[in-house]
There are 2 protein chains.
Amino acid sequence: MDGHLRGDVVRVGGDARQRFHDSRGYGRPAGGNEIDLSRVEAAHLLFRGDLDAIDGMEFEEFFVASTGARERFALRFLVYVDLRGRGFYLSPTRKGWPGARDDDGDLPLSAYDFVVHPRGTGPGEDAVEHRVRVVGERQSVPASELLAENVVLAVVDEESELTYLEATRPTLDGATDYTPPNSLSGVLLEDRVVVWDAPESLYEYGFYGQPLTGRDADIEGAIQLSLVEAASLAADGVLSLDGAEGADAHAAVVDCGRAVEGERFDRRLAVYSTLRERQIVPKTGYKFGADFRTYAEVESVSNLSHSEHLIRVLPSEHVFAPRDLALDVRLAGGVRKRMVFALTGANEGIDWLSVARLTP
Amino acid sequence: MDGHLRGDVVRVGGDARQRFHDSRGYGRPAGGNEIDLSRVEAAHLLFRGDLDAIDGMEFEEFFVASTGARERFALRFLVYVDLRGRGFYLSPTRKGWPGARDDDGDLPLSAYDFVVHPRGTGPGEDAVEHRVRVVGERQSVPASELLAENVVLAVVDEESELTYLEATRPTLDGATDYTPPNSLSGVLLEDRVVVWDAPESLYEYGFYGQPLTGRDADIEGAIQLSLVEAASLAADGVLSLDGAEGADAHAAVVDCGRAVEGERFDRRLAVYSTLRERQIVPKTGYKFGADFRTYAEVESVSNLSHSEHLIRVLPSEHVFAPRDLALDVRLAGGVRKRMVFALTGANEGIDWLSVARLTP
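Once a new chain begins, its residue numbering starts again from 1 and follows that chain's sequence as written. To read the labels, note that chains go from A and ligands from 1, taken in the order they are written. The predicted nature of this model means local features are confined to residues of pLDDT at least 70 and side-chain atom pairs, given and counted, to a pLDDT of 80 or more, with totals for whole chains, interfaces and linings taken over all residues. Side-chain measures were taken over the full set of non-hydrogen atoms in the model, leaving aside hydrogen atoms and water.

Looking at an unreviewed UniProt entry, chain A carries the name tRNA-splicing endonuclease, with the source organism given as Halogranum amylolyticum. UniProt positions are given in the numbering used here, feature names are shortened, and annotations may be inferred rather than shown by experiment. Per UniProt, chain A has the following entry under Sequence similarities (unreviewed entry): "Belongs to the tRNA-intron endonuclease family. Archaeal long subfamily." Taken verbatim from the UniProt record of chain A, the Catalytic activity (unreviewed entry) comment is "pretRNA = a 3'-half-tRNA molecule with a 5'-OH end + a 5'-half-tRNA molecule with a 2',3'-cyclic phosphate end + an intron with a 2',3'-cyclic phosphate and a 5'-hydroxyl terminus."

In structure tokens, the structure reads:
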């Protein structure tokens, strides 16, 4: 059976509607028994030997011609083949094709490339399991586009292996019930703060700071605080610093923070304070290469549960390199945590974006 | 017992030599029973209550004064306390002090901060287990300084937790015995190359490329090559491309590589080709956020052993942020691989730098 290019779709007649569309989920009915196939679908049918040629071109020739004609054709073909191999029917996204949304308008291809239908359903039923966007490992992806809707990134690496990454917007809420004591007094030492006579509860129940010499041997309650911890406590009005109180103490810590890490300090502090407000305890994520690891509920440090999230703080205009995403998501998965990006905008709002590996 | 500041050392008399130096590894003999202590050592003895005061200052006051007087004092104190707690004697590095090398000259503090003596030996014996450099997580570390000598980085994170990272220069040699066939013919498709009729051995024994539709279902021997793989094969004179042969084929791939990833492509290609020359097989490290993962000996892909290294390619003038180092090293450790940085200079030489977590 042969197909014919009409503009950018491939028209197939004969028993194509019954044979390819109704029973196997390819293409879109084009009236009568005819269907229209996208180039990717047509290439797959050529590849399998279900079609013989398209305007005289066999698989190799059609594949090369389509790669020249359409951006990311080879990548989209790989993803299409892989998802069909996993038992899904999927529709290329085009205005008016199965699964496309009414508000997609002239759907930009950059938003997503395929609508994946739930296993056991086909394009006729219009149900949607995933919206998949195909990217090469060298293409960058703006964080704002991942926030815009739940999308699955299908990343094709330079050797044509695939990784699926699902972007979602998590809700972060905790249940740590702790109020710091209201008169702590600290001293700024380089880029940290020492509270010489902290009450035991500050560390043990609030999980603020770190005993001066580590967990095993402390000196008369001396606690070191990180700058974000100190700034957050100062903002709550409970920490004085080198004699300064309230807003002055807060300003002193923030000045120090900006001096050592620039405007990044303000973004990290906003995220830290927001998490504390939500009764989540953020601690350093340094050992995991992140800004914070978080504990949803701290009863006491001696009886600490597993931390659930790794948080990386980024400006809202951040553009991800797929390889950096792979690094973060792989590491988080390896330590049984969820990777969350905290995107901080100019208006001090925070958008939370979770990215996790998906096996479709 | 009291001490007295003399310039930047603390002089202690009485039975200090026997009590602190000979039996517990503090300081340097200063004639008679007197010893000189560095500020960090003196602070530790105050902290333990072995000294009462230094020029009238007790621990808190001396600690705060020393933080103002000496760069990274608080960080060095934390590392000193930690390593002593692990059963080591260690000497601050100063010209003429235990473990300092003859060629250290006026030892810059940035090179390393402590000489750690083997367990069971003290400063008098002059033996060296580690040379430790203390850095805060916000301080950057030039790759060239890690290459200069085997050094252990003691990274103090913002919450004062410690991570030890050991930098060494590994030897990379493999035993993969494979010579590619000498007439492959491919076509450039976007940022990859397809060889439509590749011999089975190219993938199965050489581990070049990837079957067009993944490992499970291939189409008549079609193999996709990454651009570095194709460039390396073209440089060997065995791959023609769209009709071009030899140097022309090589130039076509390199042009494409530079178009999609800039001068980074040349650096990655140099590393790829050098590894192949050493009979090591590099494959993409994308899933681990690295440039390559490497196999020392590939007998066949169906009988593949564990890959040993993750390789990140960097320019030789690269400066590490400790947090990025933590991310790479942690991920590599989690998948039982060794993290290796390939530092490529303007002269096309490659310096290999391995960084691994160390538990002293």
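### Focus: the overall build of chain A
Secondary structure is summarised from DSSP: a helix means a run of H or I of at least four residues, a strand means a run of E of at least two, and numbering begins at the N terminus for each. Regarding its fold elements, chain A presents 10 helices and 22 strands. In this description the radius of gyration comes from C-alpha coordinates, and the expected globular size is given by 2.2 Å times residues to the power 0.38. For 360 residues, the compact-globule estimate of 2.2 N^0.38 gives 21 Å, and the C-alpha radius of gyration of chain A, at 27 Å, exceeds that figure by more than 25%. Counting only C-alpha atoms and orienting by the principal axes, one finds that chain A spans roughly 85 × 35 × 35 Å. Within chain A, the proportion of its 360 residues that are buried is 57%. Here chain A contributes 39 positively and 60 negatively charged side chains, and the mean placements of these two sets differ by 6 Å. Each residue is placed in one exposure class: buried if its accessible area under a 1.4 Å probe, protein chains only, is under 20% of its type's maximum, exposed if it is over 50%, and partly exposed if it falls in between. Positive charges come from Lys and Arg alone, negative charges from Asp and Glu alone, with His and the N- and C-terminal ends not counted. To locate a charge, take NZ of a lysine, CZ of an arginine, CG of an aspartate or CD of a glutamate.

### Re the environment of Tyr 205 of chain A
Residues and elements named next belong to chain A. Relative to the helices and strands, Tyr 205 is located in the loop between helix H6 (200–204) and strand S14 (210–211). We classify Tyr 205 as partly exposed; its relative accessible area is 43%. Between the C-alpha atoms of Tyr 205 and Ala 290, which are 85 residues apart in sequence, the distance is 24 Å. The contact definition used throughout considers only heavy atoms, calling two residues in contact when any of these lie within 4.5 Å. Sequence-distant contacts of Tyr 205, that is, excluding residues within four places in its chain, are made with Tyr 178, Val 298, Glu 299 and Ser 300.

### Focus: the relation of the copies chain A and chain B
Copy-to-copy superposition: least squares on the C-alpha atoms, limited to residues that have pLDDT of at least 70 in both copies. Take chain A, turn it by 180 degrees, move it 0.0 Å along the axis, and it overlays chain B with an RMSD of 0.1 Å. Such a turn and shift between the copies fits a two-fold axis. Closest approach to the rotation axis within chain A is made by the C-alpha atom of Leu 331 of chain A, at a distance of 2.7 Å. A share of 100% of interface residues in chain A that are also interface residues in chain B marks the association as one of identical surfaces.

### Notes on the pairing of strand S13 (residues 192–195) of chain B
All names here are of chain B. Burial along S13 is two-sided: Arg 192 and Val 194 and Val 193 and Val 195, pointing in opposite directions, are all buried. As judged from the four bridges shared by strand S12 (residues 184–189) and S13, these two strands associate in the antiparallel manner. Bridge assignment links Val 187 to a residue of S13, and that residue is Val 194. Between S12 and S13, which pair antiparallel and follow one another directly, the connecting turn spans two residues, one of which, Glu 190, has a positive phi of 50 degrees. The criterion for strand pairing is that DSSP finds at least two bridges linking the strands in question. In terms of strand pairing, S13 meets strand S15 (residues 223–225) through three bridges, oriented antiparallel. Within S15, the position partnered with Val 194 by the bridge is Gln 224.

### Observations concerning the sheet that holds strand S4 (residues 35–37) of chain B
The strands making up a sheet are joined through hydrogen bonds of the backbone, oriented either antiparallel or parallel. Residues and elements named next belong to chain B. With respect to topology, five strands assemble into an open sheet ordered S3-S4-S2-S1-S5, the strand pairing being mixed. Both edges of this open sheet fall to strand S3 (28–29) and strand S5 (53–54), since each of them pairs with a single strand only. The pairing of S3 with S4 spans two bridges and is antiparallel. When the bridges of S4 are listed, Pro 29 appears paired with Ile 35.

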